[in-house]
Amino acid sequence: MKKLCLLGLVATLATHPVWAETKPAVLKDKDAFVSELLKQMTLDEKIGQLRLISIGPEMPRELIRKEIAAGRIGGTFNSITRPENRPMQDAAMRSRLKIPMFFAYDVIHGHRTIFPISLALASSWDMDAIGRSGRIAAQEAAADSLDITFAPMVDISRDPRWGRTSEGFGEDTYLVSRIAEVMVKAFQGTSPANADSLMASVKHFALYGAVEGGRDYNVVDMSPVKMYQDYLPPYHAAIKAGSGGVMVALNSINGVPATANTWLMNDLLRKDWGFKGLTVSDHGAIFELIKHGVAKDGREAAKLAIKAGIDMSMNDSLYGKELPGLLKSGEIQQSDIDNAVREVLGAKYDMGLFKDPYLRIGKAEDDPADTYADSRLHRAEARDIARRSLVLLKNHNDTLPLKKSATIALVGPLAKAPIDMMGSWAAAGRPAQSVTLLDGMNAVIGEKGKVIYARGANITGDKAVLDYLNFLNFDAPEVVDDPRPAQVLIDEAVSAAKNADVIVAAVGESRGMSHESSSRTDLNIPQSQRDLIKALKATGKPLVLVLMNGRPLSILEENQQADAILETWFAGTEGGNAIADVLFGDYNPSGKLPITFPRSVGQIPTYYNHLTIGRPFTPGKPGNYTSQYFDDTTGPLFPFGYGLSYTQFSLSDMALSSTTLNKTGKLDASVTVKNTGKVDGETVVQLYIQDVAGSMIRPIKELKNFQKVMLKAGEARTLHFTITEDDLKFYNAQLKFAAEPGEFNVQIGLDSQDVQQQTFELL
Ligand code: BGC
């Protein structure tokens, strides 16, 4: 037997008498500690650890504390302040074995300070900025007593009809995988046991972004090669980066719900990938196995889930109700329950909670006097990161940047929309603390110029859509509707425009339109706003569109109408300031699209790295019998990787160090990028590779590397990219990850379409 090594009591515990008096020894050896504890637990206590409950304002706190003290709850989510969570931890310390609770929350893109939505963060292509956002989110959340977040969300999404596109990092496997790693490391810091770290739980495992038709919660049916090649790597990257948890997806995969999927949860996750952490079902997902039609009742649902390896059950009571009976009848084994409990205890151990259950709760006397105090926010960082996430899509005749001395008509339903600025899943962010575009522009312009504001249009003129968007908001409607007739709003905006030098129209989606369950059949800006844009265009004044939205929209017509378009997604607490910085040229935009903008919804999917086909459409050679839609131009409106700047960049010819590559060798691809314009700026130089002929069809290109560089006006820099055999590997028909000798094209460019190419051979 292993020798057990005891750690001394942690000094801070002395302030928590209940725990300090009876605290069990905290062992250095995690496995031994967990096994020892497991031996002491009753079946009830074990099953209690598997229960993760949501705490709502309506819930009877006293009853919850009783349940905790009886050892019947392992963790909560949605209770997010120290004063809220302390009594629950106290209750856990009164339980027989004093197993600490953990407190979870959806800290997705910020906690109190809200950073741009994930899709926007990805648009920055700036790993440092993305990492900073995650670190600050973790610090803020940990300071509010939270231990674990249900993030990062790394579902590849190639169908923008899916509302949760906003929550992910876009369409590309390589980019999302890089961000997955950065986010896990940012949340967890040097260790999830640190007082200022959160444990990450990557979600939604797996393939949730590929729901059929972009309709939320729908089925996923996908070939194994596509899964391994395109959709699974981001989860794997998060796990390799040390994600302590995994949240299981709500969808089915090739006929088996993820929550009951032993191949997914056991063979792939635990055996092949060696994951040793906590798995958590999504909200009510075990119960939904009945709805999926794979379990005839709650008993079978619980059995399928525990057998598949779902450790914790989020907000359904089936484990508590059914596991004892299942065990008694021999339908499940003690080891099924023990394995799950072991992971819960192990995660708590890794969060540092056995050493100090109050690690993140702290002492009552240190609680913030005002949880919502502005001084607790990280505004400067939020502004900086938000600026980096904005993408300039069009800038005809240098309409932007605007002059600070100008008279500007600021119109549109999103110009003064503090809730929308924060995007969906805005954690503990307060709309009242977010800077609207109107606030931001007024602050930047000061006394020099003038902003004339008019609402111009409602988010939607469709009552049914409005009701849908507001149906969850019990206190006050999230989408405010101006009751005046649409034409009155438009007339007011047009008259503002006529008195201005330039129009800025903040249009797009309300945040609820790009949210869980908010799938769309149509990617247009709602008609009420399109009518406004048309009327504004008719004034003849320069028209700048500031888009706010959580997914690519089809803005074909708006692209013709507008002189400039800035994609701002939902830019967070400091969004208004950040957007104003870009509009007035105090920051030169540097974002690039992490997802393709289709011309129309009918083109979907439009991701850039599709597989090669036998009859590709050839630009400039229209005609029959090639792959195209004959009724529209082929290709996206804006490609993956695209984004403009207030300066221009040129690329020299690419130099390849050799035209051959050995299996163990390295190839250097270099290019000199020059800022040929008049202002300093940043751009992203992207490297793509195409496997020209393989044992299987390969994509037309795949992103394999990129560098974001800051160049002063006139400055040039040579960038080097190393290519090794690893960059050329793919999953073949036998799901073997290997590179095949032969010819490869390497492409370098400032977006995925406008590239130069050279060829080399893998020997
Ligand atoms: C979502 C998850 C989220 C969970 C808890 C579910 O509806 O699918 O992403 O983590 O709720 O809030």
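What counts as what
- Residues numbered from 1 in each chain as written.
- Predicted model: local features only at pLDDT ≥ 70, side-chain atom pairs only at ≥ 80, totals over all residues.
- Heavy atoms only, no water.
- Helix = DSSP H or I, 4+ residues; strand = E, 2+ residues; numbered from the N terminus.
- Buried < 20%, exposed > 50% of the residue type's maximum accessible area, 1.4 Å probe, protein only.
- Contact = heavy atoms within 4.5 Å.
- Areas by Shrake-Rupley, 256 points an atom, 1.4 Å probe, with all protein chains shown as cover.
- Lys, Arg positive; Asp, Glu negative; His and termini not counted.
- Charge placed at Lys NZ, Arg CZ, Asp CG, Glu CD.
- Salt bridge = Lys/Arg side-chain N within 4 Å of Asp/Glu carboxyl O.
- Near = heavy atom within 4 Å.
- Polar contact = N/O pair within 3.5 Å; in protein donor to acceptor, adjacent residues only side chain to side chain.
- Nonpolar A, V, L, I, M, F, W, Y, C, P; charged D, E, K, R; others polar.
- Domains from an automatic or database assignment.
- Buried area = accessible area lost by both parts, 1.4 Å probe.
- Axes fitted to C-alpha atoms, helices over the stretch in contact; angles between N-to-C directions.
- Left-handed = near helix turned anticlockwise from the far one by under 90°.
- Phe/Tyr/Trp six-rings, centres within 6.5 Å; stacked < 30°, edge-to-face > 60°.
- Pairing = 2+ DSSP bridges.

**Q** Whenever I open this one, the overall build of the protein confuses me. Can you help?
**A** Across its full length, the protein carries 23 helices and 27 strands. The principal-axis extents of the C-alpha atoms in the protein amount to approximately 75 × 65 × 50 Å. A buried classification covers 60% of the 763 residues belonging to the protein. If you take every contact in the protein between residues at least 6 apart in sequence, the share linking residues at least 24 apart comes to 77%. Carbon and sulfur atoms make up 52% of the accessible area of the protein, which amounts to about 28800 Å² in all. Each charge class in the protein can be summarised by its mean position, and for the 83 positive and 91 negative side chains these summaries are 3 Å apart.

**Q** It is not clear to me how the pattern of salt bridges should be interpreted in this structure. Could you clarify?
**A** According to the stated counting rule, one finds 51 salt bridges in the structure shown. Across the pair Arg 72 and Glu 67 runs a salt bridge, and its minimum N-O distance is 2.8 Å. A relative accessible area of 38% places Arg 72 in the partly exposed class. Between Arg 158 and Asp 230 there is a salt bridge, with the nearest N and O atoms lying 3.4 Å from each other. Here Arg 158 is found in the loop between strand 4 (148-149) and helix 8 (173-188), whereas its partner Asp 230 is found in helix 9 (residues 224-231), with 72 residues between them in sequence. Of the two residues examined, Arg 158 and Asp 230, each falls in the buried class.

**Q** Hey, could you run me through the site of the ligand in this one?
**A** In the neighbourhood of the ligand, 13 residues make up the surrounding shell, with Asp 106, Arg 164, Lys 203, His 204 and Asp 282 lying closest. The separation between an oxygen atom of the ligand and a polar side-chain atom of Arg 164 is 2.7 Å. The contact in question runs from an oxygen atom of the ligand to an N or O atom on the side chain of Lys 203, over 2.9 Å. Coverage of the ligand by the protein chains reaches 92% of its 310 Å² of free accessible surface. Its residues assigned to classes, the shell around the ligand shows 6 nonpolar, 2 polar and 5 charged.

**Q** Can you walk me through the domain arrangement of the protein in this structure?
**A** Many structure descriptions define interface size as the accessible area lost when the parts assemble. Domains assigned within the protein are domain 1 (44-105), domain 2 (380-595) and domain 3 (649-762). Inter-centroid distance (C-alpha atoms) of domain 2 to domain 3 is 36 Å. In this complex, domain 2 contributes 6 residues to the contact, which on the side of domain 3 involves 9 residues. Carbon and sulfur atoms supply 35% of the area that domain 2 and domain 3 bury against each other, a total of about 500 Å² over both sides. Contact with domain 3 buries surface across domain 2, with Asn 588, Ser 590 and Lys 592 losing the most and accounting together for 81% of the total. Run the count over domain 2 and domain 3 and you get 1 salt bridge.

**Q** Please explain the packing of helix 7 (residues 127-143) against helix 8 as it appears in this structure.
**A** Helix-helix packing is characterised by the crossing angle of the two axes and by the distance between the axes. Put simply, helix 7 and helix 8 touch, their axes get as near as 8 Å, and they point 35° apart. Regarding helix 7 and helix 8, the two cross each other, and that crossing is right-handed. When helix 7 is examined against helix 8, the residues Met 127, Ile 130, Gly 131, Ser 133, Gly 134, Arg 135, Ala 137 and Ala 138 are found in contact with a partner set consisting of Leu 175, Arg 178, Ile 179, Val 182, Met 183, Ala 186, Phe 187 and Gln 188. Classifying every residue of the contact of helix 7 with helix 8 gives 10 nonpolar, 4 polar and 2 charged.

**Q** Where do I start with the packing of aromatic side chains in this structure?
**A** The relation between two aromatic rings is expressed through the spacing of the ring centres and the mutual angle of the planes. Following the criterion strictly, the structure yields 18 aromatic pairs and no others. Here Phe 33 and Phe 354 contribute two aromatic rings whose centre-to-centre distance is 4.7 Å and whose plane-to-plane angle is 70°, an arrangement assigned as edge-to-face. With Phe 33 in helix 2 (residues 30-40) and Phe 354 in the loop between helix 15 (334-350) and helix 16 (379-388), this residue pair connects regions lying 321 residues apart in the sequence. An angle of 65° between the planes, with centres 6.0 Å apart, marks the rings of Phe 597 and Phe 638 as edge-to-face. Of this pair, Phe 597 sits in the loop between helix 23 (575-583) and strand 17 (649-651) while Phe 638 sits in the loop between helix 23 and strand 17, and the two are 41 residues apart along the sequence. The exposure class assigned to Phe 597 is buried, which follows from its relative accessible area of 0%.

**Q** Would you explain the sheet that holds strand 11 (residues 391-395) in this entry?
**A** Here we have 6 strands laid out as an open sheet, ordered 11-16-15-14-12-13, and mixed in their pairing. Strands with a single pairing partner mark the edges of an open sheet, and in this sheet they are strand 11 and strand 13 (450-454). Geometrically, the sheet is characterised by an average inter-axis angle of 20° between neighbouring strands, direction not taken into account. Of the strands in this sheet, strand 12 (407-411), strand 13, strand 14 (502-508) and strand 15 (543-548) touch helix 18 (residues 437-445), which is tilted by about 165° from strand 13. Along the sheet, helix 23 makes contact with strand 14, strand 15 and strand 16 (564-567), crossing strand 15 at roughly 150°.

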